[in-house]
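# What the coordinates show
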Amino acid sequence: MSHSHGPDGAAGGLHTTTNNTSQSQPQGIAQPPPPVVLTPALLESLKVSKIFKDNTQAINSIHFDDTGTKCVTSAADESLHVYDCYTGKLEKTLFSKKYGVNLARFTHRSTSVVYASTKEDDTLRYLSLHDNKYIRYFRGHEKRVTSLEMSPLDDQFLAGSQDTVRLWDLRSPNCQGALSVMGQPVVAFDPSGLVFAVALGGTLRLYDVKSFDQGPFVTAMIGESLGISHTSIYATQIEFSSDGKSLLVTTGSDAHYIVDAYTPSVTMFKLVGHNTNTFGNEPFTSGSEACWTPDGKCVVSGSRDGDIYVWDISKAIADQAAGLVNGSSGNASNSTNGSTGNLLQSNGELRPFKTLKAHGTPSHIVAFNPKYLMMVSGSTELAFWEPDPNASGVDALQDFSKGGRY
């Protein structure tokens, strides 16, 4: 029995990975496909399967729910759109005309989101998508919130604004704790939910969630180990890899950075070779210019030219350990058969191994589905990406999250 998992058709239900058992299965019940390991070849086969034109202004956030079946976007036109990743259809449109909307994040339930206001005040709003009613308000930020992340462990979430980083809990309107900051912070939880990171410009700090009021247990300067002044780096987002070993530092300029999460003073790689998101002298930053693939092995980034660039971080780590690096920057090819041997420089610069052709408009925001083999990117348009079954031999929405992780 064959199944079509792409946005153009559905097979009647999303297939997920289950453990094999000796029990016989009822006849006529479709068996879930085996897990798929996310390889460079699969990444190379990704192509745009559908484009949505539901926004009149730029998309400013994209987020998937825990199951990977729902995707929510917010945009500068003060809209929220919820998409069904299985059917590839727009499921719901909501508006926040009075308060504006940014940084929309699913809670651990696909029926609710928390998001930042852009008008009236800087209140965070907890919204039920089912009936379009607010469940709770979180008041305390006095300047615009520019970073917001849910804990992977529980109902706590972090929000950063230009005056504070605050820890909240969906179950209470009261702030659970706050850090005073100067500048525009970006925040991230590690996969365990026990540690969080805060980046201010090019400075990185790590905190214990249970004792963050005692200050960071590590402070590091991004890029310094590569001979790059941290004052030249302006972080727009940070994200831990799925194994917690590495930290992606995204910027709106011509480079992203990979930091050793266990030894943050070590910046491992400077990711270059993509078409910068900078417009004139002003960086056009969504805070989601780049992201990890769910297995923590590769990084994908949007670009000014609308293409998506892919770096193989796990291969670069292996090549670096084996001494397979070029001696100077600027002489590496942009495309190879997947090996990063001639893409990695001795100064830590790493070029992408693949460029995926995408929008005709700048792809300033990108996100990878946490469970299924699917990516999305956006500008004023939203693009769904899936593997080409003719090239990869797999269906679009097979569950690879278990088989593909470390």
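What counts and how
Residues numbered from 1 in each chain as written. Predicted model: local features only at pLDDT ≥ 70, side-chain atom pairs only at ≥ 80, totals over all residues. Heavy atoms only, no water. Helix = DSSP H or I, 4+ residues; strand = E, 2+ residues; numbered from the N terminus. Buried < 20%, exposed > 50% of the residue type's maximum accessible area, 1.4 Å probe, protein only. Contact = heavy atoms within 4.5 Å. Areas by Shrake-Rupley, 256 points an atom, 1.4 Å probe, with all protein chains shown as cover. Phe/Tyr/Trp six-rings, centres within 6.5 Å; stacked < 30°, edge-to-face > 60°. Polar contact = N/O pair within 3.5 Å; in protein donor to acceptor, adjacent residues only side chain to side chain. Core = buried A, V, L, I, M, F, W, Y, C linked by side-chain atoms within 4.5 Å. Pairing = 2+ DSSP bridges. Axes fitted to C-alpha atoms, helices over the stretch in contact; angles between N-to-C directions. UniProt positions renumbered as here; feature names shortened; annotations may be inferred.

### Quick word on the overall build of the chain
When helices and strands are counted, the chain shows three helices and 31 strands. Within the span of the chain, comprising 406 residues, buried residues form 55% of the whole. Sequence separation of 24 or more characterises 50% of the internal contacts of the chain that already satisfy a separation of 6 or more. When the accessible surface of the chain is summed, it comes to about 16,800 Å², and 48% of that surface belongs to carbon and sulfur atoms.

### Considering unusual backbone geometry
At Glu78, a position not held by glycine, the phi torsion is positive, near 70 degrees. Mapping Glu78 onto the fold places it in the loop between β3 (70–75) and β4 (79–84). With a relative accessible area of 15%, Glu78 lands in the buried category. The backbone of Asn132 sits at a positive phi, close to 55 degrees, despite the residue not being glycine. Structurally, Asn132 is set in the loop between β8 (124–128) and β9 (133–138).

### Digging into the packing of aromatic side chains
Counted by the stated rule, this structure contains 12 aromatic pairs. Pairing Tyr99 with Tyr134 gives two aromatic rings, centres 6.2 Å apart and planes at 75 degrees, and the pair type is edge-to-face. Note that Tyr99 is positioned in the loop between β5 (89–95) and β6 (102–106) and Tyr134 in strand β9, a separation of 35 residues in sequence. Using a relative accessible area of 17% as the deciding quantity, one classes Tyr99 as buried. With a relative accessible area of 28%, Tyr134 lands in the partly exposed category.

### Considering the side chain of Thr164
Examined against the element boundaries, Thr164 turns out to sit in strand β12 (residues 164–169). Thr164 gets classed as buried once you look at its relative accessible area, which sits at 8%. In this structure the side chain of Thr164 is engaged in a polar contact, spanning 3.5 Å, whose partner is the side chain of His141. A distance of 3.3 Å separates the side chain of Thr164 from the side chain of Asp163, its partner in a polar contact. Not counting residues up to four positions away in its chain, the partners in contact with Thr164 are His141, Ala159, Leu179, Ser180, Val181 and Pro185.

### Quick word on the nonpolar core
Generally speaking, a soluble globular protein has its nonpolar side chains buried in company with each other. Ranked by internal contacts, the top residues of the largest apolar core, which has 33 residues, are Ile258, Leu271, Val299, Ile313, Phe368 and Met375. Those elements that place two or more of their residues in this core are α1 (40–44), β21 (267–271), β24 (290–292), β25 (298–301), β26 (308–312), α2 (313–322), β29 (365–368) and β31 (382–387). If one sorts the elements of this core by residue count, β26 sits on top with four residues. Look past the residues within four positions of Met375 in its chain and what remains in contact with it is Leu46, Val300, Ile308, Leu356, Val366, Ala367, Phe368, Ala383, Phe384 and Trp385. Grouped together as the second largest cluster of nonpolar side chains are 20 residues, Val186, Ile228, Ile238 and Val272 included.

### Describing the environment of Asp312
Looking at the element boundaries, Asp312 is found in strand β26. Classification of Asp312 as buried rests on a relative accessible area of 5%. Separated by 16 residues in sequence, Asp312 and Gly296 have C-alpha atoms that sit 9.7 Å apart. A polar side-chain atom of Asp312 sits 3.1 Å from a polar atom in the side chain of Ser314.

### Here's the deal with the sheet that holds β8
Ordered in space as β6-β7-β8-β9, the four strands form an open sheet in which the pairing is antiparallel. Two strands lie at the open edges of the sheet, namely β6 and β9, each paired on one side alone. Between one strand axis and the next, the sheet turns by 25 degrees as a mean value, whatever way the strands run. As judged from the three bridges shared by β6 and strand β7 (residues 112–116), these two strands associate in the antiparallel manner.

### Concerning the UniProt feature "repeat: WD" (unreviewed entry) in the chain
The sites that carry the UniProt feature "repeat: WD" (unreviewed entry) are, in the present numbering, residues 138–178 and 292–314. As a span, residues 292–314 carries 9% helix and 43% strand, and end to end its C-alpha atoms are 11 Å apart.

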